[in-house]
Amino acid sequence: MKSMKALFAGLALAAMVLPGVVANGAAAADYKAEYKLSTVLGKPFPWGIGGDRWAELVKEKTNGRINVKMYPGSALVNGDQTKEFTALRQGVIDMAVGSTINWSPQVKELNLFSLPFLMPDHKAMDALTQGPVGKQLFDLLATKDVVPLAWGENGFREVSNSKRAIRTPEDLKGLKIRVVGSPLYLDTFTALGANPTQMSWADAQPALSTGAVDGQENPVGVFVAGKLPTLGQKHLTLWGYVADPLIFVVNKEVWNSWSKEDQEAVRAAAVQAAAEEVAIARKGITAQDDSLLKDIAAQGVEVVQLTPEQQKAFQKATQAVYDKWAKTIGPDLVKAAETSVANRK
Ligand code: X2X
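Residues numbered from 1 in each chain as written. Predicted model: local features only at pLDDT ≥ 70, side-chain atom pairs only at ≥ 80, totals over all residues. Heavy atoms only, no water.

- An unreviewed UniProt entry lists the chain under the name TRAP transporter substrate-binding protein DctP, from Azospirillum aestuarii.
- Database annotation for the chain, UniProt heading Sequence similarities (unreviewed entry): "Belongs to the bacterial solute-binding protein 7 family." (UniProt positions renumbered as here; feature names shortened; annotations may be inferred.)

**Topic: the environment of D244**
(1) Moving on: Note on placement: D244 falls in strand β10 (residues 243–251).
(2) Moving on: Overall, the relative accessible area of 1% leaves D244 in the buried class.
(3) Moving on: With 90 residues separating them along the chain, D244 and N154 place their C-alpha atoms 5.6 Å apart.
(4) Moving on: The residues contacting D244, other than those within four sequence positions of it, are S99, T100, I101, M125, E153, N154, G155, R157 and P219. (Helix = DSSP H or I, 4+ residues; strand = E, 2+ residues; numbered from the N terminus. Buried < 20%, exposed > 50% of the residue type's maximum accessible area, 1.4 Å probe, protein only. Contact = heavy atoms within 4.5 Å.)

**Describing the site of the ligand**
(1) Moving on: Around the ligand there are 13 residues in total, and Q81, N102, R157, R178 and N218 lie nearest to it.
(2) Moving on: Interatomic distance of 2.8 Å between a side-chain N/O atom of R157 and an oxygen atom of the ligand.
(3) Moving on: A distance of 2.6 Å separates an oxygen atom of the ligand from a polar side-chain atom of N218.
(4) Moving on: Alone, the ligand offers 270 Å² of accessible surface; in the complex the protein occludes 100% of this.
(5) Moving on: Each residue belonging to the shell around the ligand can be placed in one class, and the counts come to five nonpolar, five polar and three charged.
(6) Moving on: Viewed by domain, the shell around the ligand spans two of them, domain 1 (33–155 + 245–282) and domain 2 (158–242 + 286–342), each represented by three or more residues. (Near = heavy atom within 4 Å. Polar contact = N/O pair within 3.5 Å; in protein donor to acceptor, adjacent residues only side chain to side chain. Areas by Shrake-Rupley, 256 points an atom, 1.4 Å probe, with all protein chains shown as cover. Nonpolar A, V, L, I, M, F, W, Y, C, P; charged D, E, K, R; others polar. Domains from an automatic or database assignment.)

**Topic: the sheet that holds strand β3 (residues 95–99)**
(1) Moving on: The mixed open sheet is built from five strands, whose spatial order is β2-β1-β3-β10-β4. The outermost strands of the open sheet, each flanked by one partner alone, are β2 (68–71) and β4 (146–156). Each neighbouring strand pair of the sheet contributes to a mean axis angle of 20°, computed without reference to strand direction.
(2) Moving on: As paired strands, β4 and β10 are joined by nine bridges and run antiparallel to one another. Bridging from a neighbouring strand, E153 pairs with P245 of β10. (Pairing = 2+ DSSP bridges. Axes fitted to C-alpha atoms, helices over the stretch in contact; angles between N-to-C directions.)

**A word on the sheet that holds strand β7 (residues 195–198)**
Strand pairing in a sheet takes place through backbone hydrogen bonds and is either antiparallel or parallel in direction.
(1) Moving on: Spatial ordering of the open sheet is given by β7-β6-β8-β5-β9-β11, a layout of six strands whose pairing is mixed. This sheet does not close on itself; its edge strands, each paired only once, are β7 and β11 (302–305). Geometrically, the sheet is characterised by an average inter-axis angle of 25° between neighbouring strands, direction not taken into account.
(2) Moving on: One ladder, built from four bridges, connects strand β9 (residues 235–238) with β11; its direction is parallel. Directly across from L238, in β11, lies its bridge partner Q305.

**Observations regarding unusual backbone geometry**
(1) Moving on: A cis amide bond links K43 to the next residue, P44, at an omega of 5°.
(2) Moving on: As for its placement among the helices and strands, P44 is situated in the loop between β1 (35–38) and α2 (46–61).
(3) Moving on: If you check the backbone angles, N63 has positive phi at about 50° while not being a glycine.
(4) Moving on: In this fold, N63 is placed in the loop between α2 and β2.
(5) Moving on: For N63, a relative accessible area of 66% corresponds to the exposed category.
(6) Moving on: Even without glycine at this site, N78 takes up a positive phi of about 50°.

**Examining the packing of helix α6 (residues 132–141) against helix α16 (residues 331–342)**
(1) Moving on: For the pair α6 and α16, the least separation of the axes is 9 Å and the interaxial angle reads 150°. Taken together, the residues of α16 that come into contact with α6 (itself represented by P132, V133, Q136 and L137) are L333, A336, A337 and S340.
(2) Moving on: Class assignment for the residues of the contact of α6 with α16 results in six nonpolar, two polar and no charged.

**What about empty space enclosed by the protein?**
(1) Moving on: Counted according to the given criterion, the structure contains three cavities of 30 Å³ or more.
(2) Moving on: As a volume, the largest cavity reaches approximately 90 Å³.
(3) Moving on: Around the largest cavity, the lining is made up of 15 residues, and of these W47, Q81, N154, R157 and N218 lie nearest the centre.
(4) Moving on: Partitioned by chemical class, the residues of the lining of the largest cavity number seven nonpolar, five polar and three charged.
(5) Moving on: When we break the lining of the largest cavity down by domain, the ones giving at least three residues each are domain 1 (33–155 + 245–282) and domain 2 (158–242 + 286–342).
(6) Moving on: In this structure, the second largest cavity is lined by P46, W47, E153, N154, G221, V222, E277 and A281.
(7) Moving on: Within the residue set of the lining of the second largest cavity, elements represented by two or more residues are α2, β4, α10 (220–225) and α12 (260–281). (1 Å grid on protein atoms, 1.4 Å probe; cavity = no way out; pocket = protein on both sides within 12 Å on 5 of 7 lines; lining within 4 Å. Points joined across faces, edges and corners; volume = space filled by probe spheres on them.)

Below, the structure written as structure tokens:
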């Protein structure tokens, strides 16, 4: 009887100690020496700063058990950013901070953020990503071999070109504009009378510099960090037609190979890095702080801010594209998004 008691006590003690032993054992045996994190843009772009910060926080919060290395420039998919999601599903990429634009060829619902003039401001963007629509999209992604953890931000995409100031759809006529992502972008710029052409970010820079294309669209932060004024982009129009959020994700198999404790550490790191990244992405482009816009003007760029009436002309010209793509994205999802935007705080 006494020895049975001792045996039970021994077992209880083992049960208390073993999980730690097993977890550490698993870390040594099953964890990879390096986890590959994909981004399109590296430092000093906000996107790259966010990816790097996530890697840093993961290391810190897992006491070095999970070692993440960032591969910017879509290097893990040879620069072809629209292949990133497929590579992520296949496990060629372990983690990513990816743009909804680049994943939309595989996940048609992510075209939502590319519907012209759906989101009037940052609050509208937050209402989508932080509300029921964001949750629905994360639930959807969770069925596609990835674990989505947090929303970051590339930002509102403003149009620039080397030829002339754009104030009306007529001003876009005939301009060769580089776009990326799904054919939605081809439809939008075609509706505006421009001549859109699809290419990766890696190809866009030489194309701008040689004049093979006249213009492009990207957030102001990308315009500055990418030094686009030095590539002949002398006209920038703030029209806020679409905005692309970023999504912090982990491949599901990789996620499942981690202990519960490490999963929560990676999640917390993503949430923190994403919040910091969004703040960086919004710096210098608001009415309160327009330092980035001043910086651009000082580089000899003509910055045009559309009036609400001028913006309306672009919205009208792209309404048919919105309606067409709303059907592809899913009318219920689009309706839910419109409601969230209308009720934003
Ligand atoms: O290629 C772009 O324009 C970029 C960097 O903004 C994206 O990856 C969507």
